[in-house]
Amino acid sequence: MPRIPEETIQQVIAATDIVALIGRSVKLRREGTGFKGLCPFHNEKTPSFNVSPTRGTYHCYGCGAGGTAIRFVMEHDGLSFVEAVKRLADAAGIRIVEEVWDANAEAEAKHRALLLRAHKEIAAWFHLLLMKHKIAAPARDYLKSRGITAEVAKNWQMGYAPPGGAFYREWMAQVKIPENVLVEAGLFKQVDEERGRRGTYPHFRDRLMFPIRNDNGDVIAFSGRILNPDASPAKYVNSPETPLFNKSRVLFGFDRSRRFVSKAGQAIVCEGQIDMIMVFEAGFQNVVAGQGTAFTEHHAKALKRLCNEVILCYDSDNAGYKAAGRAFEILSPIGLAVKVASLPPGEDPDSLIRKQGKEALQAVLDGAQDFLEYQILRLRAGGKGEGMVERVRMAEQVAGAISVFTGVAQRVAAVNKVAKLLEISEEQLNAMVKRAASEKKDNPGAPRSADSPVKVADDANKLLSAQHKTATALCQMALNDAEVLHWLRESGCEDVLQEVPGTELLSLLVHSRYNPADDSSQLAFMAGLPRHEEAAFARLQTLARPPGKLEDAKHALYTLELARLDNLIRSVHAKQRQTGLSPQETERLQQQAMELTAVRKECLDRTKRSPDTPPP
């Protein structure tokens, strides 16, 4: 696969202002020589997320997340290592020349680029047809009926997919993109060969097209709206999942709205593309939309990195209510406050703006209710009175929503509020919540992702806990003192690193090209580590460095050598206790034990005197 030279990685890290980078999505305040803010990777109310401009690293004492600017971009934006380096390099104006040492990976990268080109080319073609071709007249009429101007259509590169394959074939001849690539991109489909036919046909036909983009603004998929209701039962058709597109990981319009979401600290969530576009164009630019499916954990985490509050602006019908409930169950556990904007009956955000203006939508957003209050209001509207039985029925339904809260304080406040609104005892409601939580526990959701920040932090903490105390101290000295690290590399400590458990981090440091005197070298070393090891080193750098210099480092290594000898002696004693040993083997083990004991005594003597004092 393509490999970015270490020198280039060092350049990129050195050119990146980590405070400015993280400050675009996290509100930081200066504290001493560093900066502090609320962690973007877990829910917290007291800041425990620290950024050190001098070290060029970040670390959260709450969840353990930590690393360099490259790691932050990887975790925050969901990018691979190479993608993160390239993004930072582009921002710094650094040209990357990759070293290609894996032909298969290089071919894969070229193929991905071809898929992106196919989407870019066809998006431009769809748009040209919509704006210029007579065949797209019905699509232009539809846009006009929805109050969508040519300028808006241009801003969002809306397009028109023609009804027949002849148009596509002509386009394919011009762009010279292989048919198999268009099939893999989800733009063409294979004919069902079981019916005795072969070939391909366009996935989108006679539809108004909306490009779906990734966070970099690249077109990776499409959503097509039907223009002729008699032609197909599906109102919207999305691209299938491809190497570029996974609908559970992409929010429509997020590439345009993410900085506005961050600035507002709040996201407005709509159900469809047109709603999202018209809300954005009306001036509410902190808005996104799903891809026709329920919210996913990935969607929630993407929003949580930028804001703390979400307003659901769904249709006012029963389907909209159910969709809001599903979204709440995904958004709330991530730590997002969820409100619901109640639209007038029969209206969606787009129609409300067209009929009553953006001021009407502003009023609806200003009046957004906490989800629990909204749920109770809906239940009361469809209830059978205000008797105790009815109130208990409503409480049982709301208890399911309260059980979603992961924080004790959240649950206590929610129980207090709902108990007052429904006029039932807190004890009774707490019992309902406990029962609902137990039912959810018996039917858990998907397991935690193996590469989630929480899992990485857990692995980093386990790694740190497993380290030998003296090895950890020596590792901290070497991280900060070039003389100590150079001495370790020349000291012949390989036996210690191989035979003493808990020296894994020290071994990584000794065998690396890390240089405490070169900031970019430090960060390049950490950036190249597995995520949990990088987080462990980031944590070590935040801890107070143990006192002492080279003499103390020598003393620490002697202590580790003593531990190695103790292990060897125990191993020999265990062999001596075995039955059936030959006289020769017994004598050999006895001699080995005596020699090891003598070496141990000499080593013990060294640890009791100054390392530079000559032996007596």
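Relevant structure appears above.
Residues numbered from 1 in each chain as written. Predicted model: local features only at pLDDT ≥ 70, side-chain atom pairs only at ≥ 80, totals over all residues. Heavy atoms only, no water.

*Asks:* Looking at this structure, I do not really get the overall build of the protein chain. What am I missing?
*Replies:* Counting its regular elements, the protein chain contains 28 helices and 18 strands. Taken along its principal axes, the extent of the C-alpha atoms in the protein chain is 100 × 70 × 60 Å. About 30600 Å² of surface is accessible on the protein chain, with carbon and sulfur atoms providing 51% of the total. Across the protein chain, 81 positive and 76 negative side-chain charges occur, with their mean positions spaced 4 Å apart. (Helix = DSSP H or I, 4+ residues; strand = E, 2+ residues; numbered from the N terminus. Areas by Shrake-Rupley, 256 points an atom, 1.4 Å probe, with all protein chains shown as cover. Lys, Arg positive; Asp, Glu negative; His and termini not counted. Charge placed at Lys NZ, Arg CZ, Asp CG, Glu CD.)

*Asks:* Please explain the pairing of strand 3 (residues 34–37) as it appears in this structure.
*Replies:* On a regular strand, one side chain projects to one face of the sheet and the next to the other, so that they alternate. The two faces of strand 3 match: Gly34 and Lys36 on one face and Phe35 and Gly37 on the other face are all buried. As judged from the 3 bridges shared by strand 2 (residues 29–31) and strand 3, these two strands associate in the antiparallel manner. The residue bridging Arg30 from the neighbouring strand is Phe35, located in strand 3. Linking two consecutive strands that pair antiparallel, namely strand 2 and strand 3, is a turn of 2 residues; a positive phi of about 70 degrees is found at Gly32 within it. Sheet analysis places strand 3 next to strand 4 (residues 49–52), joined by 3 bridges and oriented antiparallel. Bridge pairing links Gly37 to Phe49 in strand 4. (Buried < 20%, exposed > 50% of the residue type's maximum accessible area, 1.4 Å probe, protein only. Pairing = 2+ DSSP bridges.)

*Asks:* When you look at the packing of helix 14 (residues 349–356) against helix 15 (residues 358–366) in this model, what are you seeing that I'm missing?
*Replies:* If you want to describe how two helices pack, look at the angle between their axes and the distance between the axes. Interhelical geometry of helix 14 versus helix 15 gives an angle of 130 degrees and a closest axis separation of 6 Å. What the angle tells us is that helix 14 and helix 15 run oblique. Judged by residue contacts, Leu352, Ile353 and Gln356 of helix 14 engage Lys358, Glu359, Ala360, Leu361 and Val364 from helix 15. Grouping the amino acids of the contact of helix 14 with helix 15 by side-chain chemistry returns 5 nonpolar, 1 polar and 2 charged. (Axes fitted to C-alpha atoms, helices over the stretch in contact; angles between N-to-C directions. Parallel < 35°, antiparallel > 145°, perpendicular 65-115°, else oblique. Contact = heavy atoms within 4.5 Å. Nonpolar A, V, L, I, M, F, W, Y, C, P; charged D, E, K, R; others polar.)

*Asks:* Looking at this structure, I do not really get the packing of aromatic side chains. What am I missing?
*Replies:* The geometry of an aromatic ring pair comes down to the distance between the two centres and the angle between the two planes. Taken as a whole and assessed by the stated rule, the structure comprises 20 aromatic pairs. Each ring, one from Phe371 and one from Tyr374, has its centre 6.2 Å from the other, and the planes form 45 degrees; the classification is tilted. Separated by 3 residues within a single helix, Phe371 and Tyr374 lie in helix 16 (residues 371–381), roughly one turn from each other. Residues Phe371 and Tyr374 agree in their burial class; the two are buried. Aromatic side chains Tyr514 and Phe525 sit 5.3 Å apart centroid to centroid with 75 degrees between the ring planes, which places their arrangement in the edge-to-face category. (Phe/Tyr/Trp six-rings, centres within 6.5 Å; stacked < 30°, edge-to-face > 60°.)

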